[in-house]
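Single-letter residue listing:
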Amino acid sequence: MIRFLLGRLVASVLVILAVATASFLLLHAAPGGPFTTDARRSVAVQHAMEERYGLHDSMATQYLRELGSLARGDLGRSMKKDVSVNGLIAEHGPVSAIVGLLGLATAVILGITMGVFAAWKKNSWVDYLLMTLALVGISVPSFVLGPMMIAAISIHLGWLPPARIDGVSSYILPAITLGLIYLGTIARLTRGGMLDALGQDFIRTARAKGLPERRVIWKHALRVGILPVVTYLGPATAAMISGSFVVEKIFQIPGLGTYFINSITDRDYPVLTGVFVFYAAILVLLNLAVDLAYGVIDPRARRT
Amino acid sequence: MLARGVRIAALVVVLAACGVPDGDYFGRVDRAEAKHLRWCNQGEPDFLDPARASSTVSSPLISLMFDGLTTYGPDGLPVPSLATHWEVSDDLQTFTFHLRDTARWSNGRAVTAYDVAYAATRVLHPLIASPNADNLLPVAHAMDYFQRRVFRLRADVGGLHAGDLVDRTDDVTIPDLATRTAPAPLALRDLGADEPAAYARVPAGEPVLLIATSGTTVTPPSPTDGTWAYVYWARDAEGVYGWVPARELTGEPFAATQVHVKHGATAIIATGAQLAYTPDVVGIRVIDAHTIEFTCADPTPFFLATTDNRALRTVPTEAVSRWPSRWTRPEHVITSGPMHLVAWIERDRLELVRSPTYWNPGEVKLDRLTAYSMDDQAANTNYYFTGGCDATASNDVPSTYLPVLNGEQRGTPYKDYDVSPYLGVYFLWVNTQKLPNRHLRRALALAIDRTQIPKFTHGNEIPTAQLTPGTPIAKLSPAELATCGVTRETPGVALLMSAGLCYVPPPGLALDLAQARAELAQARAEGGVPPKLHYIYNAGSEAHKQIAEYAQAAWRGLGLEVELEAQEWNAMLEATRKGDFEIARLGQVGNVADTESEFLPLFTCDSPDNRGRYCNQDYERLLKEARTIRDRAARNATLRHAEQVMIEDAPVIPIYVYTQKHLIKPYVRDYPINLIDQPSLWRVSIDQGSTR
């Protein structure tokens, strides 16, 4: 177990290094820089602004400087706003995490329930209805779903605010929009996993023992049937809690997702590397959690 | 682009679901709060520090918080503020401002001429690297100081005298001569404060940068015996500034560094110990605590018009010194303007309240202002619709909503929707090096019928063939028509400037297909027409694409083949800056109602912003000539002649004057919409009586 964890740790560091390097190289390869502008500006001022952030140093120097501060746990300083990237993540990360966790809860609770019922009532109208809904959830992008909900619920009915996070009620629409993206996939994965599980010997044994069907489904089959969902949840959770650009943009949530896009258009090198490294770290961590969860959920996966 | 997809989908769906709302007003009008303006700004301000801010989002907030010599009047033209009056020298080079003695910072300290000088020299210090330094370009030696190219001699050297200004003549990189060290720890504090009042302590031997000394033409005199020094210590990424007695700074690490300098015709080699890098070289002089003088290198009639901008907004020395990059946070900020910042929730909102110390409380109609920082147009418009904000900034309406708001769809526009001209022009650069044939460029300009364009952009833009933007002449008042010397029937726009002046730009190359064909025939005869033209525009906006296709169609009508290419914004800016294009869509926005400072400089041979690489000696000569003319009307005539020469050469094809689109609830009174989009929001009032 210790060896397993140590191996994963080394791999994680390599992954983060690769992410930092790739984001550095790709963004620096893009034309323009953080101070590229269409405004009138003298050469002297342009030069001074770039000089302030060391943009005239060689690429190697800039890269090593970035790695150096990364090694100290310092993600650098935004060139557009002159604040520390660690501070940006600390301030905006929790907002994304809350919306993400609410979305995750919506997706997991509804998705698994739908999947179980669909598998249970396989090929009935219940199955068809639920899986059609799931398909809609997968196919309708959030930039259509979000505005539709704003139109109906905020503008037309006036029940919930159309934008900003201000009070508990303002979390509802973003959480549902975010959750619905993942709900469909979770429902379909659950249904598939459950169908697999329900066909296995230990289920026949459980039924033969005379267990009530409800217990067979929710206690025995679900434990195995949920495994594909658990695998999927690692990356899905990472994506959700680190902020969805689209949902944050539509609902104007001051979360982290915005920085994934804006730091690219702004060429704000430290912010881009910072948020991607942060995201990579969460992803690595959650995948590890998924591996460990396998052992807990499925007795067959335990390492001896 | 994803963002564009989001916007378009948002609106199409909203409109489909709800239809077009009925009534005179767009959305709810029953949520007014007494003396509280809830304003939808158009994004998160980049900085609230006047020296560092460069976005249009931060400007209205900065003018609420920090007073200037002048400030924006309701019409956007400067009105006296800190300065009650001023004198201008006959040669238009020296400007002397007299400050009121009733102005106070929010901590009670008097706002003085030294605060103005501090703000201006701070903008010019290379350590700040202010994007607004160019605003002070006309001030004598401002840019030399900014580039560390000018010094004051500290001793007599090689025939020159102590106090003489010398310019560097070489371009080798030298260490910062202002570096100093001290054998004992330095206690950084406010000027004249006792040592225990220090807020930062520099360890012995640690280098600091000497920024200024006390008692110069730009710094307050020392309240104690002996000179004080204002230094910067790079403690961390933010650093800290403070005053210490100058005698404590004995170490000069670069005293022996040699620098080639000259004064007039005398060139010498001086050492670091003989050169002082100091802000008093700049043409700014504090005469007394309530009088300040600016000296420009050339006659600069537009200098007064720039005194309300960010570069000359006062900033509080005591807060800036302690927290150089965090001083605008609510917990640290000290303000001099009509309103004071009490909360700043990043990417959500700012809360401002009436400042109890502002010198002109009668003009402040609001007790409270909330500025929402949403950057999505659909979100802002939706938020306005549901009554979340009372008014929106100038660019908060998504293009897909425009036909609904302006009445194209339901016959009548909403009463709370306003479209006004904006001091900006949408144009196409034509690269004169890639397309050197003047007849070809003229044919391109003459072939476009600009009047059709607003029919598909829906923003009520003002079609134009003129470079300098302004207000349509048809909309001027009789008095303004008289000022401009035109009749209402005159086509085009006019730019109303301060001091009762008006600039009427030359007509330019408007649609004339017969002439376009003639010019093109001439160009072909001269072999100046390439088989295919290349047109680039920035991806992400439907309007840019539509305008590109419209121009393509017009030019095809002449028999020209045109290839369109959408590029990412930064990529396009780089390509155009390097001259790597034939035709490119861009635009120019002015911060001041003066074409001489805002629009005409784009076309001088050595301008870094001259993307079309246009260079015409007649144009250069006329601009230079204009600079020497003191009579402003005569000067305008020469400028107009210069613009005429340029626009006839067609290095640029103006398309339309931008418009600003505001949504303003009926209970909001005196919302100051003006050409340069500098709304003085403190003048707004809320009339709850008119709430339905």
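Residues numbered from 1 in each chain as written. Chains lettered and ligands numbered in written order. Predicted model: local features only at pLDDT ≥ 70, side-chain atom pairs only at ≥ 80, totals over all residues.

Caption draft 1: Geometry of the overall build of chain A. Looking only at helices and strands, chain A features 13 helices and 0 strands. Principal-axis analysis of the C-alpha atoms places the extent of chain A at approximately 85 × 60 × 30 Å. Counting across all 304 residues of chain A, residues that qualify as buried make up 43%. Put simply, 74% of the contacts in chain A that link residues at least 6 apart link residues at least 24 apart. (Helix = DSSP H or I, 4+ residues; strand = E, 2+ residues; numbered from the N terminus. Buried ≥ 20, exposed ≤ 12 C-beta atoms within 10 Å, placed from the backbone. Contact = placed C-beta atoms within 7 Å.)

Caption draft 2: The overall build of chain B, seen in detail. Within chain B, the secondary structure is distributed over 16 helices and 33 strands. Here the C-alpha atoms of chain B give a radius of gyration of 27 Å, agreeing with the 26 Å that 2.2 N^0.38 yields for 692 residues. Seen along its three principal axes, the alpha-carbon backbone of chain B occupies a region of about 75 × 65 × 50 Å. Here chain B, with 692 residues, has 51% of them falling under the buried criterion. (Rg over C-alpha atoms; globule rule 2.2 N^0.38 Å.)

Caption draft 3: Geometry of the sheet that holds strand β8 (residues 179-180) of chain B. Residue and element names in this part refer to chain B. Reading across the sheet, the 4 strands line up as β8-β11-β12-β13 and stay open at both edges, with antiparallel pairing between neighbours. This sheet does not close on itself; its edge strands, each paired only once, are β8 and β13 (240-245). Examined bridge by bridge, β8 and strand β11 (residues 208-213) share 2 bridges and lie antiparallel to one another. Each residue of the ladder has a partner; that of R180, found in β11, is V208. (Pairing = 2+ DSSP bridges.)

Caption draft 4: Structural view of the interface of chain A and chain B. The partner chain B presents 41 residues to the 42 residues of chain A that form the contact. Within the residue set of the side of chain A that touches chain B, elements represented by two or more residues are α2 (43-52), α6 (142-156) and α11 (245-251) of chain A. Per-element accounting of the side of chain A that touches chain B gives the leading share, 10 residues, to α6(A). Class assignment of the residues belonging to the side of chain A that touches chain B gives a composition of 21 nonpolar, 8 polar and 13 charged. (Nonpolar A, V, L, I, M, F, W, Y, C, P; charged D, E, K, R; others polar.)

Caption draft 5: Fine view of the nonpolar core. Core analysis: the largest hydrophobic core is formed by 260 residues, its most contacted members being B:A117, B:A120, B:A142 and B:I653. Take this core: its biggest share by element is 13 residues, from helix α7 (residues 172-198) of chain A. Aside from chain neighbours lying at most four places away, what touches B:A142 is B:L124, B:L136, B:L137 and B:V282. Among the nonpolar cores identified, the runner-up in size contains 20 residues, and A:A20, A:L88, A:V271 and A:V277 belong to it. (Core = buried A, V, L, I, M, F, W, Y, C linked by C-beta atoms within 7 Å.)

Caption draft 6: View of the packing of α7(A) against helix α9 (residues 213-225) of chain A. Residue and element names in this part refer to chain A. At their nearest, the axes of α7 and α9 sit 8 Å apart, and the two run at 120° to each other. In terms of orientation, α7 lies oblique with respect to α9. In terms of crossing hand, the pair formed by α7 and α9 is right-handed. Along the contact surface, α7 presents T190, G193, M194, D196, A197 and L198, while α9 presents A221, L222, V224 and G225. A breakdown of the residues in the contact of α7 with α9 according to their chemical character gives 6 nonpolar, 3 polar and 1 charged. (Axes fitted to C-alpha atoms, helices over the stretch in contact; angles between N-to-C directions. Parallel < 35°, antiparallel > 145°, perpendicular 65-115°, else oblique. Left-handed = near helix turned anticlockwise from the far one by under 90°.)

Caption draft 7: A look at the pairing of β11(B). Residue and element names in this part refer to chain B. Among the 6 residues of β11, 5 are classified as buried, and the element is accordingly described as predominantly covered. Here β11 pairs with strand β12 (residues 228-233) via 4 bridges, running antiparallel. Considered in β12, the bridge of A212 is made with Y230.

Caption draft 8: Representation of the environment of A:L88 in the model. All names here are of chain A. Looking at the secondary structure, you find L88 in helix α4 (residues 85-120). Along the backbone, L88 and S78 are 10 residues apart, and their C-alpha atoms lie at a distance of 8.8 Å. For L88, the contacting residues outside a window of four places in its chain are S78, V83, Y259 and V271.

Caption draft 9: Here's a closer look at the pairing of strand β7 (residues 165-168) of chain B. Residues and elements named next belong to chain B. By the bridge criterion, 3 bridges tie strand β6 (residues 150-153) to β7 in an arrangement that is antiparallel. For V150, the partnering residue across the bridge sits in β7 and is D167. Relative to strand β14 (residues 258-263), β7 runs antiparallel, the two sharing 2 bridges. Paired with D167 across the two strands is K262, which belongs to β14.

Caption draft 10: A look at the sheet that holds strand β26 (residues 493-497) of chain B. Overall, antiparallel pairing links the 3 strands, which are arranged β25-β26-β27 (chain B) in an open sheet. Whereas interior strands pair on both sides, the edge strands pair on one side only; in this sheet they are β25 (471-472) and β27 (501-503) of chain B.

Caption draft 11: Molecular detail of α2(A). Within α2(A), burial applies to A:V45, A:A48 and A:M49. Along the axis of α2(A), the buried positions cluster into a sector of 100°, meaning they face one direction only. Tucked into the core, α2(A) has its buried residues touching α4 (142-146) of chain B. Just downstream of α2(A) lies A:G54, where phi reads positive at about 65°. (Arc of directions from axis to C-beta.)

Caption draft 12: Focus on the environment of B:A626. Residue and element names in this part refer to chain B. Looking at where A626 falls in the secondary structure, it is placed in helix α15 (residues 617-627). Of the residues examined, A626 has 21 C-beta atoms within 10 Å and is grouped as buried. Once you skip the residues sitting within four places of it in the chain, A626 turns out to touch E596, R635, T638, L639 and A642.

Caption draft 13: View of the packing of helix α12 (residues 257-265) of chain A against helix α13 (residues 269-297) of chain A. Residue and element names in this part refer to chain A. One can describe the packing of α12 onto α13 by two numbers: an axis separation of 8 Å at closest approach and a directional angle of 150°. Here α12 lies roughly antiparallel to α13, going by the angle between them. Considering the relative orientation of α12 and α13, their crossing is left-handed. Note on element contacts: α13 touches α12 through V271, L272 and V275, opposite Y259, F260, S263 and I264. When its residues are assigned to classes, the contact of α12 with α13 shows 6 nonpolar, 1 polar and no charged.

Caption draft 14: Layout of the environment of B:V88. Residues and elements named next belong to chain B. Of note, V88 is situated in strand β4 (residues 83-88). The partly exposed category is assigned to V88, around which 15 C-beta atoms lie within 10 Å. Once the C-alpha coordinates of V88 and Q433 are considered, the two residues, 345 residues apart in sequence, prove to be 42 Å apart.

Caption draft 15: Examining unusual backbone geometry more closely. Here the phi dihedral of A:R267 falls at roughly 55°; this positive angle occurs in a residue that is not glycine. With respect to the secondary-structure elements, A:R267 resides in the loop between α12 and α13. A:R267 gets classed as buried once you count the C-beta atoms within 10 Å, which come to 21. One non-glycine residue, B:N460, lies in positive phi territory at about 50°. With respect to the element layout, B:N460 can be found in the loop between α9 (454-457) and β24 (462-463).

Caption draft 16: Representation of helix α11 (residues 513-525) of chain B within the structure. Residue and element names in this part refer to chain B. Here α11 contains 13 residues, and its C-alpha end-to-end distance of 18 Å stays within 8% of the 18 Å for a straight helix at 1.5 Å per residue. Within the span of α11, buried status applies to A516, E519, L520 and A523. One side of α11 carries all its buried residues, which in axial view fall inside an arc of 100°. Relative to its buried face, α11 has exposed residues pointing more than 90 degrees away, namely A514 and A525. Immediately beyond the C-terminal end of α11, within one or two residues, lies G527, with a positive phi of roughly 70°. (Expected span 1.5 Å × (residues − 1).)

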